[in-house]
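Each chain, letter by letter, is given below.
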Amino acid sequence: MKLPKQKKCRWCEGDFMPRNSFQVVCSPSCAVNYNRDKEVVKKVKTMAEGLKTHSDYLKILQVVFNSFIRLRDKDQPCISCGTTNKDIKYDAGHFYSVGAYPNLRFNELNVHRQCSNNCNMHKSGNFAEYNIKLPERIGIEAYQKLMNERNIPLKLSIPEIKELIKHYKNKTKELKLNP
């Protein structure tokens with residue numbers, strides 16, 4: 001049987017010989033302080049969660065959604081120019097821009113893998129080519145559906161945004177597990 005190695009206390013940072021491999025503090029008084037500190041950190045996190053605004057949640061959802069799109073389309077060429085260069089960065093490029101059509105911001109039919117530097121940044125989404133290739137990728141019916149949905153308003157509440165964050169995190173996790 002192996003003897004435990006000397007550890008550094010997580011509270012007072014003094015060296016001690018643990019009685020078992022799970023012991024992280026040197027004494028009962030350090031344990032009380034360490035656990036109290038963990039509770040404070042938990043409370044601060046809970047309070048910070050309560051201070052997030054609608055905008056904060058939308059930003060989080062945008063990051064999670066874009067990650068999902070890039071992973072979903074990882075084997076697809078750029079929707080606009082068709083490049084498959086593995087040495088460049090790809091974005092989740094919106095066909096209808098978020099500024100003009102915020103209701104389509106999280107619509108999977110509206111967002112596809114797009115080369116970052118060339119099409120998305122320098123050519124402002126390369127709309128002309130995107131418009132030609134989008135019906136080929138998603139089909140005419142889905143394209144028509146997207147065009148019809150562009151003027152339907154969408155107002156997400158914070159609970160709905162949280163649910164979408166969870167939904168896209170799960171979809172991303174699923175894609176990572178089943179490539």
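A quick note: this is a predicted structure, and the numbers were derived from the prediction, not measured. (Residues numbered from 1 in each chain as written. Predicted model: local features only at pLDDT ≥ 70, side-chain atom pairs only at ≥ 80, totals over all residues. Heavy atoms only, no water.)

Q: Sorry, what's going on with the pairing of strand E4 (residues 111–115) here?
A: Looking along a regular strand, one sees side chains alternate from face to face of the sheet. Burial analysis of E4 places five of its five residues in the buried class, which makes it a mostly covered element. Bridging between strand E3 (residues 90–94) and E4 involves five bridges; their strand directions are antiparallel. Paired with His94 across the two strands is Val111, which belongs to E4. (Buried < 20%, exposed > 50% of the residue type's maximum accessible area, 1.4 Å probe, protein only. Helix = DSSP H or I, 4+ residues; strand = E, 2+ residues; numbered from the N terminus. Pairing = 2+ DSSP bridges.)

Q: Looking at this structure, how should I read the side chain of Thr172?
A: Position of Thr172 relative to the elements: it lies in helix H6 (residues 158–177). Reaching out from Thr172, the side chain makes a polar contact with the backbone oxygen of Tyr168 at a distance of 2.7 Å. Contact partners of Thr172, with chain neighbours within four places excluded, come to Val64, Phe68 and Leu71. (Polar contact = N/O pair within 3.5 Å; in protein donor to acceptor, adjacent residues only side chain to side chain. Contact = heavy atoms within 4.5 Å.)

Q: Mind showing me how you'd approach the packing of aromatic side chains here?
A: Aromatic ring pairs: the centre-centre distance and the angle between the two ring planes describe each pair. This model, assessed by the stated rule, comprises eight aromatic pairs. With a centroid separation of 5.3 Å and an interplanar angle of 45 degrees, the aromatic rings of Phe68 and Tyr168 are classed as tilted. Residue Phe68 is found in helix H2 (residues 54–72), and its partner Tyr168 is found in helix H6; the two are separated by 100 residues along the sequence. The ring of Tyr90 is capped by Arg113, whose NZ or CZ atom sits 3.5 Å from the centre of that ring. (Phe/Tyr/Trp six-rings, centres within 6.5 Å; stacked < 30°, edge-to-face > 60°. Lys NZ or Arg CZ within 6 Å of the ring centre and 35° of its normal.)

Q: Where do I start with the environment of Arg72 in this structure?
A: The topology assignment puts Arg72 in helix H2. Judged by its relative accessible area of 27%, Arg72 is partly exposed. Sequence spacing of Arg72 and Lys176 is 104 residues, and the spatial spacing of their C-alpha atoms is 9.5 Å. Ignoring any residue separated from it by four or fewer positions in sequence, one finds Arg72 in contact with Glu108, Val111, His112 and Leu175. In this structure the side chain of Arg72 is engaged in a polar contact, spanning 3.3 Å, whose partner is the side chain of His112.

Q: Mind showing me how you'd approach the pairing of E3 here?
A: In terms of burial, E3 is a largely internal element, five of the five residues being buried. Here E3 shows a buried face lined by Tyr90, Ala92 and His94 and a second buried face lined by Asp91 and Gly93.

Q: Looking at this model, I keep getting lost on H6. Mind explaining?
A: A turn of α-helix holds 3.6 residues, and therefore any two residues three or four places apart point the same way. With 20 residues, H6 extends 29 Å between its outermost C-alpha atoms, agreeing within 8% with the 28 Å of an ideal straight helix rising 1.5 Å per residue. Within the sequence span of H6, burial applies to Ile161, Ile165, Tyr168 and Thr172. Along the long axis of H6, the arc covered by the buried residues comes to 75 degrees, so they all point the same way. Facing away from the buried side of H6, by more than 90 degrees, are the exposed residues Pro159, Lys173, Glu174 and Leu177. Of the surrounding secondary structure, the elements contacted by the buried residues of H6 are H2. (Expected span 1.5 Å × (residues − 1). Arc of directions from axis to C-beta.)

By themselves, these are just geometric observations and shouldn't be taken as functional.
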